[in-house]
Structure formats: structure tokens, C-alpha cells
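Chain by chain, the residues run as shown.
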Amino acid sequence: MPQTPRRMKPTPPPLPTLRHELDDELAWLKRVCLWLAMTASALVLPVFLSTDNHRETISTIAFAAMGWLAYFLARKGRIDTVRYVLVIGAFVVTIASVVAYGSVRTGSNFLFVGIVVGASLFLSKFGIRVVVLLEIAALGLLNWAEYAGMMPQANFQVGLKTWATQTACLVVVALLVFHGRNRSERINQRLREELSLRRMTEQERDRNLERFARIFRASPTPMIAQSAITGSILDVNQAFERCYGYARVQALGRTDSFLWADNSERKDYLRELYSTRRAEPRSVRGLRADGSEFNAQISSELGDDPDDQLVITTITDMTENDKAVDKLRRSEERFAKAFNFSPLNMAITRLSDGAYIEVNESENSIIGMRTEELAGKTSTDVGVWLTTEDRQVFIDRLLAEGKISAYDTVMRHKDGPLVQTRVWAELVDIDGEQCILSCTVNVTEEKRREALLIELAKGLSGSTGEAFFSALSKHMAAALEADIVTVTEREDNGQLRQLAVWSSDKPIDCCAYDTAGTPCDSVMQSDGVCIFPRNLGQLFPTQPVIQETGMQAFAGQALRDPDGNIIGLVNAMWREAIDPTPESKALIAIFASRSTAEMLRLRREREIRHLNESLERRVTDRTAELVKLNAELDSFAYSVSHDLKSPLRSIEGFTQLLSEQLDGRLSEEEAALFTRVLGATHRMSNLISDLLALARVSQGEMIREEVNISALAHEITEAESRKHDARQINWRIEPGMRCNCDSRLARIALSNLLENAAKYTRDCDSANVVIGTVHPAANEDNTVQGASGAPVFFIEDNGAGFDMRYAEKLFKPFQRLHMPSSGFEGTGIGLATVRRIVERHAGFITGRAEPERGARFEFSFGEAAEPEATVSHEGGHP
């Protein structure tokens, strides 16, 4: 987990070094010595002039000499000598001064105080004690000498020299005290800085200890902290608990002996640890809580500090690592075996320059060189790559894709010929360097077979039937280098009929023959390729063709349908003995398979042709029968309808005559019966007329001509308007509608449709009837084409309409969608007549409507079977 950066604590100022302190001490001593020397030197003359006691002058000169000597030594840097010179010299000069003055009560006593102060600054504790004791003893002796009168007579007169001497002593003492104070302050400052540094060091130590504790606890590697004195375990981490199976409380306070499977290994290990204070990683056997042993790697550290009494031990469980190493070893062994004993050409080369690192032991059939011949050479040197550019193209693709499969290239054999090869390669890392593991296969023969098959496919692609077999025999002879190739088909009588024979680079005539006693009989009894590689004449001595042509070898395979029945044979013969190879057998099987497929197709084609011919005859016969039956039916309907007309007219006439003669003498019921009879005869007459009309549209020759549908519609609508002069009908007829059809039949169809439109709109306040063309795709002359190319017309009204649920009855004879009770008269023949007309024209008619929202009929007269010169017809009659 990322940690927040800790703010750096200010670094304490560097502590004064001993050299700096000595330099400061020396500079101060120089100043003190110079002050003493100059002050004493200045007092020599006043003392000499002010007294006759030459001992005082000599002591003053001695004091000045001591000062100058000390100053000289200080200039030389001999600080320890200066200290002793100042203390001892001052002590001696002070005693001499007391003796010279003749009393211990003079100002020289100040010097004794200064000597003690100086000793406290310059000397050790022992030196201070010695100086104090010597001064006490000296003062005692001097006081006794003065008391005993052994001292010269003292001079207690005061004057300038006395004041000067006292002042010099006070200044020296003051300098000593000031120096002592400064030195104490420096020492205190240094102590404070050292204390601060120690405090920071302790804090850093605590932080390091905390970090170590975290690392110790969180480390995934088992760790143990032990006492170097007793060997007892002080702490273990969680990884230790997981590895050994002991809880922390179970391990604390014990020695580590229970963790070792072999105690001798422990003794050797401890001996190394305590002799060198560290133990390098070594492999040992560990012992878990459950009694199981495991391979472990252990290392310990005691540290270089002799006072360090803590041993840190790290254990690594090598079980999984040993398994991985063993697995890797076995994998390497398997790879080495697969690499070295592979029959394929395998090599490992450097990516950078193509130098061979490892080559398997099989003879390299591609370049013809053995392993020892490739040592120290590159792939370009030995001809694996014809040029460095070829290798670079291969390397660029390998680097881009990481591996290459089935890379086709050309290599050179050491004898010179080029070899077609296919390479598989992958990048591998060996000792930190990128290398190429490659496997190379010679595909020269495969390429040749591919070229042969491609040539065969091209040669056979444009042929079918017997021409196909002729081309196949030619290519088979070339592929097998055979002298004769034959493709035969088995007939129903068991004979083989030759479909194609190729001999000596040319086709020869085909024939049929029996298979008994021939090699073909053996082939037909075999499931695969049957081969007689030599001595064919001796094996079949009774076969004249074999004896006459001198054929020595034969190979063939039977052609079988999906049910396993033999349908033919393909075979080849040679004048020389042959040595059959898997390749030649595969080629024969390929040619046999292709021949089987084509022969099955050819047989199916014959069957289909035979069925088509049979079906055409049956359709022609059936069509003739239907035409005859339809003609007889139409003639019968016409005859019946015509023959019914005469008796129906008689019934109607006699009924009308009888009704007139009995007029006034009939009751209302009888008169109603006569009226019903007359109505029925009238409807019967209309029905017979419609039947005659329906029969007529199916009879007679249909003559197609160019008809102006718009003009024809105008004529019919004008007649309908006169018929329905009591009501207003809005006719909208699209101009320019033309069609190639029979004008007579077209008039009948339009009349029926328009009469229906006028009839079913009679209840409308505003009757609208539209006649036009459907416009899905207009051509250049604005005529709309239907599915067959003929124009499609429509007639639409806003009349009564009909329910589309009953639309299937719409065009059937005598079927009406409006009952007589609805007030719409009719026989149900009109739309059936229209349908018969458009179907005679190879057209169509459809209708759709909604009740009380009108109806729409779309129809087409179809297209003429053959374009003819048409007669323009603008009206209803040709």
C-alpha cells in the first residue's frame, strides 16, 4: 500500500569538532600569554626604579620571561606544554615574588587564586588536587618562614607598582574566569546538541524497530527471532505458523531444536553462525508440527556488533520450488528428447545474426548438412535464406506476430538445387537473449502434387459427361506416367463399357468387354486400389491385349455408388514394372473418387432426362384429354342452354297469355302466383343467357390486337348512363389506356365490371366510378407493367362493397356475396366470366373491398406469346 511521505525533520547543526575546540583554546592561550608577557615586561622598569630590592625586579623579570616562553610555545601549537608552563611557572614565580617581598600579605596572593583558576581550566581533576595541595603547603611554609623571621624584611609601602601588580593579577583572573565561562557555555551547548542528536537517533531507532517489526510480521517468508545467548525463540511471524504448523505461543521461549529433522545439521549450522556471526543460505530438512519433513533453505544473521545478542533467521519452504524445478527438469528432458529425436528438421538460432545454437541430430534433408557441419555458422551462410533480405522479411513478421505457422519459402541444398520448404517458428528466450525455435519441412513433393492437382482441376473443370472422362484419362496418364489409362462403366449385363481410353499420348476407340479372367475382375473384388506391379503377362496369360501390348504392371480401383454397388472402373497399365508408392496409390484413389462423382452425376442426368421425356409425354397426353373434355363440356353447356330457351319461351308466353285471359277473374293470391311464375321464367332466361355468354368466351379463336381501353370504357359507360338516366354517376376514365388483347372479350369483361359498379353504387348519394391503371413502375410510354410486363388496370367504386371473409366465392359461377333480399339482382355469372376472359389472356384479376366503402378490382390481360403486328382498334368492334 502506498505510504504518505514523511516530513523530513530538520538536521541538527554539526557538533564542534575537537580540532575547532583546540584552535579556540590555542587562540585564547596566545592572548593570555601575550597579556602576561607584555604586562610583566611593562612592570620591570617601574619595579626596578621604585625599590632597592633587586629580588622584586628579578621576580618581575622571571614572570615576564615565563609569559613570553608560554606565548612562544603557544605560537608553536604546543598547547599542553603551554598549560603546564603557565600553571607551574606561575606557581614558582608567585612563591619567588612572596619571598622577594618578604611577606605572604602582599598582592602576590592574588596569583595563588589565579593559579587555582587556571589549573581548573587547564589540568585534570588530579592536577587540580595536586596544585591546591601544593599551594596550601607553600602558603603554610611561607607563613611559618615569615613567622620565624626567616623572610627578608617586608616592604609594605604601596604605590603605582602595587596597584599595577594587583590590576595585572585581577585581569589575568578575570580572563581565566571569562575563558572558563565561555568554555562551559560551549560544553553546555555541545551537550545540548548531543542530547538533541541522541534523542533524534533514538526516535529513528524506534522507527526502524517499528519498520523491522512490520516487515518481520508481514513477511511472506517464515522468520524467527532468537536470543544469541540462550538460543530461545523470542518471536515468530505468521508465515512461520503457516509453514511449520505451530502457533506463536507454542514456539516462544523454546530453542529451535524441535524445528530440525536432523540435529547434526543444526550443530553444523550453529557452529558456522557463531564463528562468522552469519550463516549463508543452505539446504536442510525441516520438521513440521504434524511430523512431516520438508526441504528448506535457511539463513541467519547475528550482525557485526559484538554487543548484538539477537539472531534473525529466515526459512524458505522449498517444497513447491523443488516440485517446480523437478517439473522444469522433466519438461526440459521431454523437450530435449522431442527436439533431438524428432524426424523433422529443428534448430535454435540467434535472432540477432542467425547463428546456430542448437540443431537436432537428424540429418538435415533440406540443406544436406549434419549438426557438426552447422556449428559456428549462420542460417544465411549455409543457404537457409537465399539473401539477407529474405531473412529480414521473415524476422519482421516473426517480431510482429510472435510466432509463425506454415511459412512457405525457398532454401538451397548444399549441392545447389533449390528446395521448397515450410517453416514453423516461435521466439524463445535463452539466457536473456532472444532466439528462434524453428521447425522446417521439405514440401517440394507436396508442392508438386498440389500443382498436379491444380492442373487436373483446371483440366477437368470445363468438362462433363464423356468429355470429362477423356480429359481425366489424359491427366491420369500424365500423373502416373502410365502407358494406358482406361475409364469404364459397368452395364446391366455385367460387361464393362469403356468411356475413355488414353494410350501413348492419344485417345483410342472404346469398346465393351467381359471381366472374367482379366485384372479388372480382381479389381472389382477389391475394396481399395489393386496393383500388380510386375509380371502381368505371366499372371494373365490368356488375355490377348496384355500379351500383344507387352504390359508388365497394372493398377486399378472400382467405382462404387453410395450403396456399395460397382458402377465402373478406372485402371492404368505400364510396359515396365513399377514400384508402387503411397503417393501413386493416393493419386489413383483421387482419380477414382473424381470419376465416381462424375459417373454418378452422369447416371442421375440420364435418369432425369428419361423422366423428363416420360413426363412431357404424359403432360401432352393429359393436356389433349383436358382440351377435349373442356370442348365437350362447353359444347354441352351451349347446347343445353340453347335447347332450354324454346320451352322457357313457351312457358313464359302461355303464362302471360293465360294471365291476360283471366284478368279480373283471379284472386290476389292467384295473380301473385302468376307474377312469381313470370319472374322465375325471366330470371331463368337471364341465367341461360349468362351461361351462353360464359360458354362463348371459352369458344372461338382469340385474336389479340391493340385495343384502346379508354375509348372502350367510354362507350360502355355512356350506355350505362343511359340505362340509369334517373341517377347521376360520376365516371372518371384515365385517358390513353391501351392493351394488347382480344377486343370482343375485353368488351365483355369491362361491361360486366362496369355494370357491377353502376349496380352496387345505386344507393350512394354521389356515385363515383374510376377506371385507370396501376402505377408501380411507369415505362417510357406511360404504360404500367404488371408482373408479366402487361399493363394492370383497375375499376374502383364507392358502392356497397363486400365482406373480404367471403372473397374466395368472388369469381366462382353462381356464387353471390349479396343475397336477392339485398335488392341487388344478378345470377353470379358476371365475375366468373371476367375471370375466364383474363385467364384466356394469361392474365389475372383480384378484388378487395370493405362493406359500405366500395370495391376495387385490378386485372390484366397478360402479354402476347409472340409479338405480332397489331390492328389499332379505337372502339368496341374490330
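Preceding this paragraph is the structure being described.
Each residue is numbered by its place in its chain's sequence as written, counting from 1. Totals for whole chains, interfaces and linings use every residue, but because this is a predicted model, local features are given only for residues with pLDDT of at least 70 and side-chain atom pairs only at 80 or more, for both listing and counting. Side-chain measures were taken over the full set of non-hydrogen atoms in the model, leaving aside hydrogen atoms and water.

(A) Here's a closer look at the overall build of the protein. In DSSP terms, a helix is any run of H or I states spanning at least four residues, a strand is any run of E spanning at least two, and both are numbered starting from the N terminus. Counting secondary structure elements, the protein contains 22 helices and 24 strands. Here the term buried applies to any residue with accessible area under 20% of the maximum for its type, exposed to any over 50%, and partly exposed to those in between, with areas from a 1.4 Å probe on protein chains only. The buried share of the protein, taken over its 878 residues, is 38%. In this analysis, two residues are considered to be in contact whenever any of their non-hydrogen atoms come within 4.5 Å of each other. Sequence-distant contacts in the protein: of pairs separated by 6 or more residues, those separated by 24 or more amount to 58%.

(B) Summary view of unusual backbone geometry. For Arg277, which is not glycine, the phi torsion reads 65° and is therefore positive. Among the secondary structure elements, Arg277 is positioned in the loop between helix H9 (263–276) and strand E3 (278–287). With a phi close to 55°, Glu481 is a non-glycine residue in the positive phi region. Topologically, Glu481 is positioned in the loop between helix H14 (465–480) and strand E11 (484–490). Judged by relative accessible area, Glu481 falls into the exposed class, the value being 66%.

(C) Molecular detail of the sheet that holds strand E6 (residues 345–350). The strand order across the open sheet built from 5 strands is E7-E6-E10-E9-E8, with neighbouring strands paired in antiparallel fashion. At either end of the open sheet lies a strand with only one pairing partner, and these are strand E7 (356–359) and strand E8 (403–412). Within this sheet the neighbouring strands show an average axis-to-axis angle of 30°, counted without direction. Two strands make a pair as long as DSSP finds a minimum of two bridges between them. As paired elements, E6 and E7 share 3 bridges and run antiparallel to each other. Residue pairing across strands places Ile348 opposite Glu358, the latter belonging to E7. Helix H12 (residues 388–401) rests against E6, E8, strand E9 (418–430) and strand E10 (433–442) of the sheet, and its axis sits at about 175° to E8. Helix axes are fitted only over the stretch in contact, all axes being lines through C-alpha atoms; the angle between N-to-C directions runs from 0 to 180 degrees.

(D) Summary view of the sheet that holds strand E1 (residues 223–227). Pairing within the open sheet is antiparallel, and its 5 strands lie in the order E2-E1-E5-E4-E3. The outermost strands of the open sheet, each flanked by one partner alone, are strand E2 (233–236) and E3. Between one strand and the next, the sheet's axes are offset by a mean angle of 25°, whatever the strand orientation. Inspection of the sheet shows E1 paired to E2 by 3 bridges, in the antiparallel sense. By the bridge assignment, Gln226 is partnered in E2 with Ile233. Lying over the sheet, H9 contacts E1, E3, strand E4 (293–301) and strand E5 (310–317), oriented at roughly 165° with respect to E3.

(E) Structural detail: the pairing of strand E20 (residues 738–741). Burial along E20 is one-sided: Cys739 and Cys741 are buried, and none of Arg738 and Asn740, which face the opposite way, are. Summarising the sheet, strand E18 (residues 705–708) and E20 pair through 4 bridges and their orientation is antiparallel. Within E20, the residue paired with Glu706 across the bridge is Asn740.

(F) Broad picture of the environment of Thr444. By the element assignment, Thr444 lies in helix H13 (residues 444–461). Classification of Thr444 by relative accessible area gives partly exposed; the value is 29%.

(G) Representation of the nonpolar core. Put simply, buried Ala, Val, Leu, Ile, Met, Phe, Trp, Tyr and Cys residues joined by side-chain atoms within 4.5 Å make one nonpolar core. Among the nonpolar cores identified, the biggest contains 37 residues, and Ile709, Phe857, Phe859 and Phe861 are the most heavily contacted of them. Looking at this core element by element, the count peaks at 8 residues for helix H21 (residues 743–760). Apart from the residues lying within four places of it in its own chain, the contact partners of Phe859 are Leu750, Leu753, Pro791, Val792, Phe793, Phe794, Ile795, Val838, Phe844 and Ile845. Counting 31 residues, the second-largest nonpolar core is a separate cluster that includes Leu36, Ile79, Val98 and Ile115.

(H) Broad picture of the side chain of Asn752. Mapped onto the elements, Asn752 comes out in helix H21. Polar contacts, as counted here, are pairs of nitrogen or oxygen atoms within 3.5 Å of one another; within protein the pair requires one atom able to donate a hydrogen and one able to accept it, and residues that are adjacent in sequence qualify only if both atoms are side-chain atoms. At a separation of 2.8 Å, a polar atom in the side chain of Asn752 contacts the main-chain carbonyl oxygen of Ile748. Setting aside residues no more than four positions away along its own chain, Asn752 makes contact with Gly830, Thr833 and Val834.

(I) Spatial organisation of H21. Between its first and last C-alpha atoms H21 spans 26 Å; for 18 residues at 1.5 Å apiece the expected length is 26 Å, and the two agree. In terms of burial, H21 is largely enclosed, as 14 of its 18 residues are buried. Where H21 starts, the residue carrying a side-chain oxygen 3.0 Å from the main-chain nitrogen of Arg744 turns out to be Asp742. What a helix should span is 1.5 Å times the count of its residues minus one.

(J) Seen up close, the side chain of Asp256. Here Asp256 lies in the loop between helix H8 (248–251) and H9. Judged by its relative accessible area of 8%, Asp256 is buried. Reaching out from Asp256, the side chain makes a polar contact with the side chain of Trp260 at a distance of 3.3 Å. In this structure Asp256 touches Gln226, Gly231, Ile233 and Arg266, once residues within four positions along its chain are discounted.

(K) Quick look at a nonpolar patch on the surface. Note that patches include only residues with greater than 30% relative accessible area and no salt bridge, and the join distances are 9 Å for like charges and 5 Å for nonpolar side chains (Val, Leu, Ile, Met, Phe, Trp, Tyr). All accessible areas in this document rest on Shrake-Rupley with a 1.4 Å probe, and a residue is counted as covered only by the protein chains that are shown. Note on definitions: salt bridges are taken to be side-chain nitrogens of Lys or Arg within 4 Å of carboxyl oxygens of Asp or Glu. A grouping of Leu45, Phe48 and Leu49 is seen on the molecular surface, where their side chains present a nonpolar patch of about 340 Å² in accessible area. Assignment of secondary structure puts Phe48 in helix H1 (residues 18–50).

(L) Focus on the packing of aromatic side chains. Aromatic rings from Phe, Tyr and Trp, with only the six-membered ring used for Trp, were paired whenever their centres fell within 6.5 Å, and each pair was classed as stacked if the ring planes differed by under 30 degrees, edge-to-face if by over 60, and tilted otherwise. Counting across every chain of the model gives 12 aromatic pairs. Ring geometry for Phe802 versus Phe857: centroids 6.4 Å apart, planes at 40°, classification tilted. Of this pair, Phe802 sits in the loop between strand E22 (793–797) and helix H22 (830–840) while Phe857 sits in strand E24 (residues 855–860), and the two are 55 residues apart along the sequence. Considered together, Phe802 and Phe857 belong to a single accessibility category, that of buried residues. Grouped by ring-pair contacts, the aromatic residues Phe240, Tyr244 and Phe294 constitute a single cluster.

(M) Quick look at the state of the cysteines. By convention in this document, the label disulfide applies to cysteine sulfur atom pairs within 2.5 Å. Within this structure, the stated rule accounts for 0 disulfides. Cys511 takes part in no disulfide bond, and the closest cysteine sulfur to it belongs to Cys510, at a distance of 7.4 Å.

(N) Examining the pattern of salt bridges more closely. Counted by the stated rule, this structure contains 35 salt bridges. A salt bridge links Glu204 to Arg207; the shortest N-O distance between them is 2.4 Å. One end of the pair, Glu204, and the other, Arg207, are both in helix H6 (residues 160–218), 3 residues apart, so they sit about a helical turn from each other. Residue classification places Arg207 among the partly exposed residues on the basis of a relative accessible area of 22%. Measuring nitrogen to oxygen at the nearest pair gives 3.3 Å for the salt bridge that ties Glu796 to Arg856. Highlighted residues: Glu796 in strand E22 and Arg856 in strand E24, separated in sequence by 60 residues.

(O) Just the environment of Glu146, in detail. Within the secondary structure, Glu146 is located in helix H5 (residues 125–147). Given a relative accessible area of 19%, Glu146 falls into the buried group. The spatial distance from the C-alpha of Glu146 to the C-alpha of Val99 is 9.1 Å, given a sequence separation of 47 residues.

(P) Seen up close, H14. Under the 1.5 Å per step criterion, the end-to-end length of H14 is 23 Å for 16 residues, consistent within 8% with the ideal 22 Å. Restricting attention to buried positions, one finds in H14 the residues Gly465, Phe468, Phe469, Ala471, Leu472, Ser473, His475, Met476, Ala477, Ala479 and Leu480.

(Q) Geometry of the packing of helix H20 (residues 709–723) against H21. Relative to each other, H20 and H21 sit at 45°, their axes nearing to 10 Å. Considering the angle they form, H20 stands oblique to H21. Viewed along their axes, H20 and H21 form a crossing whose handedness is right-handed. Contact residues: Ile709, Leu712, Ala713, Glu715, Ile716, Thr717, Glu720 and Lys723 in H20; Ala746, Arg747, Leu750, Ser751, Leu754, Glu755 and Ala758 in H21. Here the word oblique covers every angle except those under 35 degrees (roughly parallel), over 145 (roughly antiparallel) and from 65 to 115 (roughly perpendicular). By convention the crossing between two helices is left-handed if the near helix lies anticlockwise of the far one by an angle smaller than a right angle, and right-handed if it lies clockwise.

(R) Representation of the pairing of E10 in the model. Here E6 runs beside E10; their pairing, made up of 6 bridges, is antiparallel. If you follow Met346 over to E10, its bridge partner there is Cys439. For E9 and E10, the ladder comprises 10 bridges, and the chain directions are antiparallel. When the bridges of E10 are listed, Asp429 appears paired with Gln434. Counted between consecutive antiparallel strands, the loop separating E9 from E10 contains 2 residues, among which Asp431 sits at a positive phi close to 55°.

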